[in-house]
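In case you want the letters, here they are:
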Amino acid sequence: MSTKQKLVVLGSINADHILTLEHFPHPGQTLNGQKYQVAFGGKGANQAVAAGRSGANTAFIACVGDDALGYEIKAQLANDHVQTDAVSVVKNESTGVALIFVNQVAENCIGIHAGANACLTPEYVKQHEALIASADALLLQLETPLQSIIDAAQIATDAGVKVILNPAPARELPEDLLRLVDVITPNETEALSLTGIIIHNESDAANAACVLHTKGIKTVVITMGARGVWLSESGEGQLVSGFKVNAVDTIAAGDTFNGAFVTALLEGKTPSEAAQFGNAAAAIAVTRSGAQPSVPWRQEIDEFLQKV
Ligand code: RIB
């Protein structure tokens, strides 16, 4: 049995269909793509894989469809050191799908079909109550039904389990959820949805973090792409700088950061050390294409940090 602290991730699984284009199509326009790739993704699965590959004792609560991709993804999660006992195959459902365009400057835009991810209901969360309560940390995102996320956070809080919320994709959130969160990790767009503050610089990030602190969240980590992250603990803020690399695509950069960051926190690293570890993992991920194919293993992250 592992003596490592235990992480439970609850979230989505998608098959990503990724088309690289010169630029995003305008309404009514059809464009030829330069590269097409089908890869395993979904914010929950990407974060679970990032945690598993970077060395956390990781269990995942999720749903796949009763299709070939669903079975393949579940098997691959196990190869990525993610425990899948709580990953269910849902009869008569298809696995979630993400349609992703990537442009020449490595930006992306994404459309989602939830498929089996919509079956991650409050009842399903209830079935896995003991698993959540047995964890040291619970990592959540927003690609599965919101009430289930709130219920999972409540179970964790009641059991003294630390709750980390990556509030992606961007949306407004009820106070009922925010008050259960110990650590929140929005990007600039998500921070805008939650606080109404447009983040241009560190001072804006500090202001947005303060708004989130007033909701009862102790640690705020605002991810700001290549610049790094704004880390604010009870109002004491600092920039933890990112690493300069040649980005190919940024798909799952945030997910990789989250999985690696939480892994490092569970190892007892300080939030600032954990953010640096997460930044390194994300920097490696953006140099590769696709979501899970881009997520680095622990040895790669350690070697990267030794070189910088
Ligand atoms: O965060 C990246 C992920 O968002 C992709 O893997 C895609 O599945 C969407 O969920």
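The rules behind the values
Residues numbered from 1 in each chain as written. Predicted model: local features only at pLDDT ≥ 70, side-chain atom pairs only at ≥ 80, totals over all residues. Heavy atoms only, no water. Helix = DSSP H or I, 4+ residues; strand = E, 2+ residues; numbered from the N terminus. Buried < 20%, exposed > 50% of the residue type's maximum accessible area, 1.4 Å probe, protein only. Contact = heavy atoms within 4.5 Å. Pairing = 2+ DSSP bridges. Axes fitted to C-alpha atoms, helices over the stretch in contact; angles between N-to-C directions. Salt bridge = Lys/Arg side-chain N within 4 Å of Asp/Glu carboxyl O.

## Observations regarding the side chain of Thr256
- With respect to the helices, strands and loops of the structure, Thr256 is situated in helix H9 (residues 253–266).
- The exposure class of Thr256 is buried, given its relative accessible area of 1%.
- Filtering out sequence-adjacent residues up to four positions away, Thr256 remains in contact with Ala50, Ala281, Ala282, Ala285, Val295 and Pro296.

## As for the sheet that holds strand S8 (residues 108–113)
- As summarised here, the arrangement of the four strands in space is S3-S2-S7-S8, forming an open sheet in which the pairing is mixed. Edge positions in the sheet fall to strand S3 (35–41) and S8, since each has one partner strand and no second. Put simply, the sheet's adjacent strands are angled 20° from each other on average, direction ignored.
- Of the strand pairs in this sheet, strand S2 (residues 14–20) and strand S7 (residues 96–102) are connected by seven bridges, and their pairing is parallel. Across the sheet, Leu19 pairs through a bridge with Phe101, a residue of S7.
- Running at roughly 65° to S3, helix H2 (residues 68–79) makes contact with S2 and S3 of the sheet.

## Details of the pattern of salt bridges
- All told, the structure shown has nine salt bridges when counted by the stated rule.
- Ionic pairing is found between Arg53 and Asp80, a salt bridge with its closest N-O pair at 2.9 Å. Here the residue Arg53 occupies a position in helix H1 (residues 43–54), and Asp80 occupies one in the loop between H2 and strand S5 (82–83), the gap between them amounting to 27 residues. Accessibility assignment for this pair places Arg53 and Asp80 in one class, buried.
- Asp66 is the partner of Lys91 in a salt bridge, and the nearest nitrogen-oxygen pair spans 3.7 Å. With a gap of 25 residues between them, Lys91 in the loop between strand S6 (87–90) and S7 and Asp66 in the loop between strand S4 (57–65) and H2 connect regions that are remote in the sequence.
- Among the ionic contacts, a cluster of salt bridges with common partners joins Glu267, Lys269, Arg298 and Asp302.

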